[in-house]
Amino acid sequence: MRRAGLITLEGIEGAGKSTLAAWVAEWLRARGASVRLTREPGGTALAERVRRIALEPGAERICADAETLLMFAARAIHLTNLIRPALERGEWVVCDRFTDATRAYQGAGRGVDAEWIEVLAAHVQREVTPVCTLLLDLPVALGLHRARARHAGTDRIESETESFFQRVRAGYLALARAEPTRIHLLDAAEPADSVQRQAAAVLERCVKGGGEP
Ligand code: Z5A
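Residues numbered from 1 in each chain as written. Predicted model: local features only at pLDDT ≥ 70, side-chain atom pairs only at ≥ 80, totals over all residues. Heavy atoms only, no water.

1. Some points on the overall build of the chain
Helix and strand counts for the chain come out as eight helices and five strands. Scanning the chain from its N terminus toward the C terminus, one meets helices and strands in the order β-α-β-α-α-β-α-α-β-α-α-β-α. Against the compact-globule benchmark of 17 Å for 213 residues, the chain has a radius of gyration of 16 Å, which places it among compact chains. The contacts in the chain between residues at least 6 apart in sequence include a share of 80% that link residues at least 24 apart. If you sum the accessible surface of the chain, you get close to 9900 Å²; carbon and sulfur atoms cover 54% of it. Between the centroid of the 29 positive side chains of the chain and the centroid of its 28 negative side chains there is a distance of 3 Å. (Helix = DSSP H or I, 4+ residues; strand = E, 2+ residues; numbered from the N terminus. Rg over C-alpha atoms; globule rule 2.2 N^0.38 Å. Contact = heavy atoms within 4.5 Å. Areas by Shrake-Rupley, 256 points an atom, 1.4 Å probe, with all protein chains shown as cover. Lys, Arg positive; Asp, Glu negative; His and termini not counted. Charge placed at Lys NZ, Arg CZ, Asp CG, Glu CD.)

This is the structure in structure tokens:
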């Protein structure tokens, strides 16, 4: 088994990332691994404060550039105070969203310059790259239905239009086409047990180590 690594989960709202992230952490623990389960934006007390600034609706507008910088500010804090130390201790880190979310939401969704996002990503992440990314894909209407059945879409991004989420989904699918060895597409419209089976097949290859799954 690979000593440690960062596994990220991505997808539009309601895709089932949080549900699957908890399952992935248990899957790794059952194989004797130490695991940190975390999320973005957030993951540490300070990064969660940045999350609230980025997501809570307020009177003052947050433009797309500011939103992008807030995501990377939270990520820099998360990497410094949680992700890098955990990886250095030999722990696996399972993260509900990471930089692909910025590429999809701020890049494809809001139209923020993709090259600028890559400059920020290279500077903030440095050597830290996911060994494996599970992209939970499903029709936007189904994702929004699931998410809104659970909670009313009250944060700034959740209350975006369906066409915004269509751009985000298309952005994620383009990322998967561009990086097929890292980003693994799962059919998230399937029931949870089927999604878990799809994830297990990817994880088996991922944890073996010795290169990309
Ligand atoms: N954001 C950004 O813009 N840029 C960035 O760089 C980053 C984030 C990092 C917060 O993310 C917002 O931040 C997010 C993107 C933005 N805004 N939006 N949209 P978040 O991950 O905290 O929020 P979220 O995506 O809205 O989470 P969510 O709605 O909780 O979705 P989820 O985690 O993918 O789903 P879930 O909680 O696991 O499941 C939702 C419901 O479906 C729940 O009742 C489950 O029991 C059910 N479920 C799960 N799987 C299934 C299956 N397979 N079948 C049927 N039902 C299921």
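Continuing now.
2. Digging into the pattern of salt bridges
For side chains of opposite charge, pairing can occur when their charged atoms come near one another. Within this structure, the stated rule accounts for 14 salt bridges. Salt-bridge contacts for R39 lead to E48; the nearest nitrogen and oxygen are separated by 2.7 Å. Residue classification places E48 among the buried positions, given a relative accessible area of 17%. Here R197 ties to D193 by a salt bridge, and the two come within 4.0 Å at their closest N and O atoms. Here R197 and its partner D193 are both found in helix α8 (residues 192-208), four residues apart, which amounts to about one turn of the helix. On the basis of relative accessibility, which here comes to 55%, the residue R197 falls in the exposed class. Using a relative accessible area of 42% as the deciding quantity, one classes D193 as partly exposed. (Salt bridge = Lys/Arg side-chain N within 4 Å of Asp/Glu carboxyl O. Buried < 20%, exposed > 50% of the residue type's maximum accessible area, 1.4 Å probe, protein only.)

3. Side note on the environment of V112
For V112, the location among the structural elements is in the loop between α4 (99-109) and α5 (114-125). Accessibility expressed as a relative area gives 8% for V112, which makes it buried. Separated by 26 residues in sequence, V112 and L138 place their C-alpha atoms 24 Å apart.

4. Digging into the site of the ligand
The full set close to the ligand counts 29 residues, and K17, S18, T19, R97 and R150 are the nearest of them. T19 has a polar side-chain atom sitting 2.5 Å from an oxygen atom of the ligand. A distance of 2.5 Å separates an oxygen atom of the ligand from a polar side-chain atom of R97. Contributions of two or more residues to the shell around the ligand are made by α1 (17-29), α2 (45-55), α3 (64-88), α4, α6 (140-150) and α8. Sorting elements by how many residues they give to the shell around the ligand places α4 first, with four residues. Among the residues forming the shell around the ligand, the class breakdown is twelve nonpolar, seven polar and ten charged. (Near = heavy atom within 4 Å. Polar contact = N/O pair within 3.5 Å; in protein donor to acceptor, adjacent residues only side chain to side chain. Nonpolar A, V, L, I, M, F, W, Y, C, P; charged D, E, K, R; others polar.)

5. Quick word on the packing of α4 against α5
Working note: a packed helix pair is described by the angle between its axes plus the distance between those axes. Running from N to C, α4 and α5 cross one another at 160°; their axes reach a closest spacing of 11 Å. As summarised for this structure, α4 and α5 are arranged roughly antiparallel, according to the angle between their axes. Both α4 and α5 take part in a crossing whose hand is right-handed. Two secondary-structure elements touch here, α4 through T99, T102, R103, Q106 and G107 and α5 through I117, E118, A121 and Q125. Of the residues that constitute the contact of α4 with α5, the class distribution is two nonpolar, five polar and two charged. (Axes fitted to C-alpha atoms, helices over the stretch in contact; angles between N-to-C directions. Parallel < 35°, antiparallel > 145°, perpendicular 65-115°, else oblique. Left-handed = near helix turned anticlockwise from the far one by under 90°.)

6. So, α8
With 17 residues, α8 should reach 24 Å at 1.5 Å per residue; the first-to-last C-alpha distance of 24 Å fits that figure. For α8, the set of buried residues is S194, V195, A199, A200, V202, L203, C206 and V207. On its buried face, α8 is in contact with β1 (6-11), α1, β3 (92-96), β4 (132-137) and β5 (183-187). Within two residues after α8, G209 carries a phi angle of roughly 80°, on the positive side. (Expected span 1.5 Å × (residues − 1).)

7. Observations regarding the environment of T133
By the secondary structure assignment, T133 is in strand β4. T133 sits in the buried class, given a relative accessible area of 0%. Sequence separation of T133 and A4 is 129 residues, and the distance between their C-alpha atoms is 14 Å. Residues within four places of T133 in sequence aside, it is in contact with T8, E10, D100, R182, I183 and H184. A polar side-chain atom of T133 sits 2.7 Å from a polar atom in the side chain of T8.

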